Amino acid sequence: MQAPSKIGDRSTSDVVVRLRTQDGRDDWLYCHSHILIEKCKYFADRLSDNWPTCQIIDSRNCVEVYCQESDFDHHVNVLRLLYVATDGLLNDMWHGVRNALGILQVAVDLGCPQIVTACVSYLEAVPWEEGEEEEIIRIIPNMGAEAEPILARLQPVNPSAILGIFLSAIRFATSSPSSSMADLKSSAQEQLEYMITEDDDAPILTADDEIKSEVKQCVKRLFSRFNNILEALLSEHEESISEEEKMQLFQSHLLDLSWACQILSKMEIMREFVSSWVDASDKIIKATEQSSRTTEIVEIKLKVIEVAAKVLEAIGYGTVILPIAKRLHLVKLWLPFARVTRPLIDSATTDDEGTMTFKPDGELWQSLESTFVSMILALPSGDQAEILTEWLENQHIHYPDLTEAFEVWCFRSKVAKRRLGL
């Protein structure tokens, strides 16, 4: 049997491929015409009788190929791969995604279908690093239908699939799983928020009535479990679960409610959540005082303040409409809580060495103060007077600073008769 041809074997070579660059590089590769013609359209054309220069002496014994310096090694690799007999052997010769991309571009340009098919199969199957993915996005879309399978993992998903994964994720994220799955839950919550957020790109899905209904039901079930924990914390009956475990559950559910509040706000469906929080406010404040550990109670109070601030903001700026009696009760309830909680949190956020142990939102206190001012100024003037009197007599007068509300009340009161008389 005849021994297989090998690239570079001058004794059996009948054609030389000269690889040349604009920088003056000129390499000669000794090849075999029957392999080049069989596996590469470019060489089949160049070595055919129909090529314009076929009658020129030595033109069929030497084929010049010009390329960029950056593609030189890829051209050499393509010529070597033409000598590999089976696809199975090709799979082990790519040496990484970037190298395979370079080979693919050359193979497409020269018309080497066997190499193109094997290269596409490799790139479609292997994992990509972030930089490699960006390069694939830049190169592959311009290479035609034969390279499209590589982009399968990047194609937009149909709306029903997006809806399915969103609903599954929201159910898991609000299911209060065990602490062993805390990282999984946090990841799901993070991706759900990313899916509905408009940044440089449009949201993955638009919240229609079906999505809003499911989200509200999920949060309603979450709040129901939160209420059960509140009842357990405030109950005087001994239960199998310890106080420490109750506080851990309380804190975990607060974290979930804080996240749920952001999702509901983005979807503009805060009303049910606000109503539930308002109804539970007295119990929430009582429950926060149950813990005996300083660090734990500070973290819990901070999270309670964060959620309360979002709820009060929705009420104070008219996103959710409540009757006067409820709004007055909320101000009288949460204003003193915020007043004594801020010094506690500010003093506990740094350790003995001055290092931040946890960092509240920088705008939290200012935003909450503005919300209180807005809520107070929307109350009847008599109720405003009562709240401002208590504020002026309190030792914590510096926060919340109700100076703006006081100034507006003074102006309104002074001109009230004249304005209403007119």
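Residues numbered from 1 in each chain as written. Predicted model: local features only at pLDDT ≥ 70, side-chain atom pairs only at ≥ 80, totals over all residues. Heavy atoms only, no water.

As recorded in an unreviewed UniProt entry, the protein chain goes by the name BTB/POZ domain-containing protein, listed as coming from Citrus sinensis.

(A) Layout of the nonpolar core. Counting 80 residues, the largest nonpolar core has F166, V215, F250, W277, W334 and L402 as its most contacted members. Discounting residues that sit within four places of it in the chain, V215 has contacts with F166, I170, I263, L264, M267 and I269. Ranked by size, the runner-up nonpolar core spans 47 residues in total, among them L19, Y83, A107 and Y122. (Core = buried A, V, L, I, M, F, W, Y, C linked by side-chain atoms within 4.5 Å. Buried < 20%, exposed > 50% of the residue type's maximum accessible area, 1.4 Å probe, protein only. Contact = heavy atoms within 4.5 Å.)

(B) Fine view of the side chain of D383. Here D383 lies in helix α16 (residues 381-393). In this structure, D383 is buried with no salt-bridge partner, the nearest side chain bearing the opposite charge being K332 at 5.6 Å. In this structure, D383 is in contact with I324 and L328, ignoring residues within four places of it in sequence. (Helix = DSSP H or I, 4+ residues; strand = E, 2+ residues; numbered from the N terminus. Lys, Arg positive; Asp, Glu negative; His and termini not counted. Salt bridge = Lys/Arg side-chain N within 4 Å of Asp/Glu carboxyl O.)

(C) Structural context of the pairing of strand β3 (residues 62-66). Only one face of β3 is covered, namely the face carrying V63 and V65; the face carrying C62, E64 and Y66 is uncovered. Bridge analysis of strand β1 (residues 15-20) against β3 gives five bridges, and the strand direction is parallel. Note that in β3 the partner of V17 across the bridge is V63. (Pairing = 2+ DSSP bridges.)

(D) Layout of the layout of surface pockets. Within this model, the largest pocket holds a volume of roughly 390 Å³. Contributing to the lining of the largest pocket are 14 residues, with L154, Q155, P156, V157 and I204 lying nearest its centre. Of the residues contributing to the lining of the largest pocket, the split by class is nine nonpolar, two polar and three charged. In this structure, the second largest pocket spans a volume of roughly 290 Å³. Considering the residues around the second largest pocket, the lining is formed by 15 residues, among which S179, A182, K185, Q248 and S252 are closest to the centre. For the lining of the second largest pocket, the secondary structure elements donating two or more residues are α9 (182-196) and α11 (243-267). The element contributing the most residues to the lining of the second largest pocket is α11, with seven residues. Grouping the constituent residues of the lining of the second largest pocket by class yields four nonpolar, nine polar and two charged. (1 Å grid on protein atoms, 1.4 Å probe; cavity = no way out; pocket = protein on both sides within 12 Å on 5 of 7 lines; lining within 4 Å. Points joined across faces, edges and corners; volume = space filled by probe spheres on them. Nonpolar A, V, L, I, M, F, W, Y, C, P; charged D, E, K, R; others polar.)

(E) Structural detail: the packing of α16 against helix α17 (residues 403-421). Running from N to C, α16 and α17 point in directions that differ by 135 degrees, and their axes come no closer than 11 Å. Considering their axes alone, α16 and α17 lie oblique with respect to each other. Taken as a pair, α16 and α17 cross one another with a handedness that is left-handed. Together, S381, Q384, A385, L388, W391 and L392 of α16 and T403, A405, F406, W409 and R412 of α17 make up the contact between the two elements. Of the residues in the contact of α16 with α17, the class split is seven nonpolar, three polar and one charged. (Axes fitted to C-alpha atoms, helices over the stretch in contact; angles between N-to-C directions. Parallel < 35°, antiparallel > 145°, perpendicular 65-115°, else oblique. Left-handed = near helix turned anticlockwise from the far one by under 90°.)

(F) Representation of the pairing of strand β2 (residues 26-31) in the model. Sheet topology places β1 next to β2; six bridges connect them, and they run antiparallel. The residue bridging R20 from the neighbouring strand is D26, located in β2. Remark: five residues form the turn of the hairpin made by β1 and β2, two consecutive strands paired antiparallel; G24 in that turn has positive phi of roughly 95 degrees.

(G) Structural context of the sheet that holds β1. If you walk across this open sheet you meet the three strands as β2-β1-β3, and the pairing is mixed. Each edge of the open sheet is held by one strand with a lone partner, namely β2 and β3. Direction aside, the axes of adjacent strands within the sheet are offset by 25 degrees on average. Packed on one face of the sheet, helix α3 (residues 72-81) meets β1, β2 and β3 and runs near 160 degrees to β1.

(H) Representation of unusual backbone geometry within the structure. P400 follows Y399 through a cis peptide bond whose omega is -10 degrees. The phi dihedral of S176 falls on the positive side, at around 55 degrees, and the residue is not glycine. The residue S176 is located in the loop between α8 (159-173) and α9 in this model. In this structure, E268 is a non-glycine residue whose phi angle is positive, near 60 degrees. Within the secondary structure, E268 is located in the loop between α11 and α12 (271-288). Using a relative accessible area of 70% as the deciding quantity, one classes E268 as exposed.

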